[in-house]
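What the coordinates show
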Amino acid sequence: MKYLKFIILVLAVSATCFAQTKTISLTKQGAVDFALKNNLELRAVKIGIDEAKGRLHQSGRLENPSLSLEYGTTKIIRDGDEFEFSVGISQKFPLTNRLSKETDVSQIDVRLAEMEYAQAMRSLALKVELAYINAQEKLAVLKTKKDALKVFDDIIETIRQASERGEASPISVNLARSESARYKNEIIQDEIDAESAIIELETLLGFSHSQKLSIAETLAPAENPNVKFSSTLLENRPDYQMFKLAEESTKAQIALIKAKKFEDPEIGIFYSRSRREDEPRGLINEDALGIALSIPLPFNSFDGSIQEKLASRRRAETLSTSKEIDIRNEIRIWQMRFNKYSEALKQFDDETIALVKKSETDLLKAQKLGQTEIIEVLNIRKNLFELQIRRTNIIAQLSASASNLKASEFKNTKEEK
């Protein structure tokens, strides 16, 4: 009875675990959309926009006014009723357009934060596509090897039966079995690689521990995105625009520094009352109402700060030029790779695979006529499966090249909701 209860408990726990795991099937584009909505690192980057908007909201404001109080009396140090009291309120006002310059700098910071978020979206979308292609490739290789193992096992059984009839060498049986054992070992490694690729993709997607990814699309040759370098492409690239905004930001910061050369004067009003002893009249009260003005002298020219920002602007200009060159070469490289892998795939399909299949057909005919051993059939089919794996690798490289080309021409059409 105890064992029965234990078995029921185990089954109940297992059923609960399975019920809590939700399998989500996603296409490549679906995976990108899912990641843009659920990736936590991307959400953190987007919060930076709210931070910048908060700084913008706070910029361009006057400082709080100051309230001053003063009181002094002679009672503490000697006898008497003499005292002095004053109260005043003052406010600093800018002589220049410093407040508007502060707002200009903050507005550019908001645009920089938005570009940083757009770049994070672009980077994440590309990472997800490449990870999805990698998972597709690992699963396709695993499937090919499992199919090959089934074929090998059938051929091994045929060789064994032929060996018993004296029509094949026992050595051939051992050779076939060793090849099958090698594939079984490789399949274990391929299963590890495939599962690891899926887990890496799940991490990018922001999956929780109760979610499991299912790859909905099999690996297929990608179409040529036909990306061409242009000024419009540069305008759409957030990583390039970040450098251009950095140039603009340094210009605004220089204007702000110049506006700060004349610090804010402080204007206020005050009221004071004093009581003092005047012989022979005795104690008399005196009241006064006045205006106070404090003007900082502009001795600090801020030349060092301006020199720093000018250097920062030259640095941003140099980096934007460098990024433009990088983007041009990036497109050239990925377009070249796409073209080369397209040629390789066509040559593979038109020539290599066709020749091997023809050799397989001829070999099967020769084997039936007793002109060759059946072990040769195993070898030719092994070669064919290895070529299929090589074809899978070429398609994966072709698809990765297409994804990188698409990422070069970034179009911010989808955002996290």
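Residues numbered from 1 in each chain as written. Predicted model: local features only at pLDDT ≥ 70, side-chain atom pairs only at ≥ 80, totals over all residues. Heavy atoms only, no water.

Quick word on the overall build of the protein chain
When helices and strands are tallied, the protein chain shows 9 helices and 6 strands. Within the protein chain, buried positions represent 35% of all 417 residues. Across the protein chain, the fraction of contacts at a sequence separation of at least 24, relative to all contacts at a separation of at least 6, is 81%. On the protein chain, roughly 25600 Å² of surface is accessible, and the fraction owed to carbon and sulfur atoms is 54%. (Helix = DSSP H or I, 4+ residues; strand = E, 2+ residues; numbered from the N terminus. Buried < 20%, exposed > 50% of the residue type's maximum accessible area, 1.4 Å probe, protein only. Contact = heavy atoms within 4.5 Å. Areas by Shrake-Rupley, 256 points an atom, 1.4 Å probe, with all protein chains shown as cover.)

As for helix 3 (residues 40-58)
Taking 1.5 Å of rise per residue, the 19 residues of helix 3 would be expected to cover 27 Å, and the 28 Å separating its terminal C-alpha atoms lies within 8% of that figure. Measuring from the side-chain oxygen of the N-cap residue of helix 3 to the backbone nitrogen of Glu-41 gives 3.0 Å; that N-cap residue is Asn-39. Positioned one or two residues after helix 3, Gly-60 has a phi angle of 75°, which is positive. (Expected span 1.5 Å × (residues − 1). Polar contact = N/O pair within 3.5 Å; in protein donor to acceptor, adjacent residues only side chain to side chain.)

A look at the nonpolar core
The biggest cluster of nonpolar side chains holds 28 residues, and the ones touching the most others in it are Leu-26, Leu-42, Val-128, Leu-201, Leu-205, Phe-207 and Leu-213. Looking at this core, the elements that each hand over two or more residues are strand 1 (22-26), helix 2 (28-38), helix 3, helix 4 (98-164), helix 5 (170-205) and strand 4 (211-215). Residues in contact with Val-128, not counting those within four places in the same chain, are Ala-31, Val-32, Ala-35, Leu-201, Leu-204 and Leu-205. By size, the runner-up hydrophobic cluster in this structure holds 22 residues, among which are Leu-219, Leu-234, Ile-327 and Ile-331. (Core = buried A, V, L, I, M, F, W, Y, C linked by side-chain atoms within 4.5 Å.)

Side note on the confidence of the model for the protein chain
On average, residues of the protein chain score 85 in pLDDT, and 87% of them reach the 70 mark or higher. The element-level mean pLDDT for the protein chain is lowest in helix 1 (residues 2-20), coming to 52, with helix 2 highest at 95. (pLDDT = per-residue confidence, 0-100.)

Thoughts on the pattern of salt bridges
Between side chains of opposite charge, a pair can form as their charged atoms come close. A full pass over the atoms with the stated rule returns 20 salt bridges. Linking Asp-264 and Arg-98 is a salt bridge whose minimum nitrogen-to-oxygen distance equals 2.5 Å. Residue Asp-264 is located in the loop between helix 7 (238-259) and strand 5 (266-278), and its partner Arg-98 is located in helix 4; the two are separated by 166 residues in the primary sequence. For Arg-98, a relative accessible area of 12% puts it in the buried group. (Salt bridge = Lys/Arg side-chain N within 4 Å of Asp/Glu carboxyl O.)

A few points about the packing of helix 2 against helix 3
The interhelical angle for the contact between helix 2 and helix 3, taken along N-to-C directions, is 50°, at an axis separation of 6 Å. Classified by the angle between their axes, helix 2 and helix 3 sit oblique to one another. Each of Ala-35, Leu-36, Lys-37 and Asn-38 in helix 2 lies in contact with helix 3, whose residues at this interface are Leu-40, Leu-42 and Arg-43. In terms of residue class, the contact of helix 2 with helix 3 is made up of 4 nonpolar, 1 polar and 2 charged. (Axes fitted to C-alpha atoms, helices over the stretch in contact; angles between N-to-C directions. Parallel < 35°, antiparallel > 145°, perpendicular 65-115°, else oblique. Nonpolar A, V, L, I, M, F, W, Y, C, P; charged D, E, K, R; others polar.)

With respect to the environment of Ser-272
With respect to the secondary-structure elements, Ser-272 resides in strand 5. Sequence spacing of Ser-272 and Glu-286 is 14 residues, and the spatial spacing of their C-alpha atoms is 8.2 Å. Once residues within four sequence positions are removed from consideration, Ser-272 is found in contact with Phe-85, Ser-86, Glu-286, Asp-287 and Ala-288.

Overview of the environment of Phe-302
Tracing the backbone through its elements, the reader meets Phe-302 in the loop between strand 6 (282-294) and helix 8 (303-368). Phe-302 sits in the partly exposed class, given a relative accessible area of 22%. For Phe-302 and Ile-254, which are 48 residues apart along the polypeptide, the C-alpha to C-alpha distance reads 9.9 Å.

Topic: the side chain of Glu-129
With respect to the secondary-structure elements, Glu-129 resides in helix 4. Of the residues examined, Glu-129 reaches a relative accessible area of 9% and is grouped as buried. What Glu-129 contacts, discounting residues up to four positions off in sequence, is Lys-28, Val-32, Ser-403 and Lys-406.

Some words on the packing of aromatic side chains
In the structure shown here, the tally under the stated rule is 2 aromatic pairs. Centroid distance Phe-34 to Phe-207: 5.2 Å. Interplanar angle 65°. Geometry classified as edge-to-face. Of this pair, Phe-34 sits in helix 2 while Phe-207 sits in the loop between helix 5 and strand 4, and the two are 173 residues apart along the sequence. A relative accessible area of 18% means that Phe-34 is categorised as buried. (Phe/Tyr/Trp six-rings, centres within 6.5 Å; stacked < 30°, edge-to-face > 60°.)

Some thoughts on the side chain of Ser-59
Topologically, Ser-59 is positioned in the loop between helix 3 and strand 2 (66-73). The buried category is assigned to Ser-59, whose relative accessible area is 14%. There is a polar contact of 2.7 Å between the side chain of Ser-59 and the backbone oxygen of Leu-56. Discounting residues that sit within four places of it in the chain, Ser-59 has contacts with Glu-102, Thr-103 and Ser-106.

A few points about the pairing of strand 3 (residues 83-92)
Two strands pair when backbone bridges link them, and strand 2 and strand 3 are joined in this way by 8 bridges, in the antiparallel orientation. Its bridge partner being in strand 3, Leu-69 is matched across the sheet by Val-87. Judged from the 10 bridges that link them, strand 3 and strand 5 form a sheet pairing that is antiparallel. By the bridge assignment, Val-87 is partnered in strand 5 with Tyr-271. (Pairing = 2+ DSSP bridges.)

Overview of the environment of Arg-315
Mapped onto the secondary structure, Arg-315 falls in helix 8. Exposure remark for Arg-315: the relative accessible area of 57% places this residue in the exposed category.

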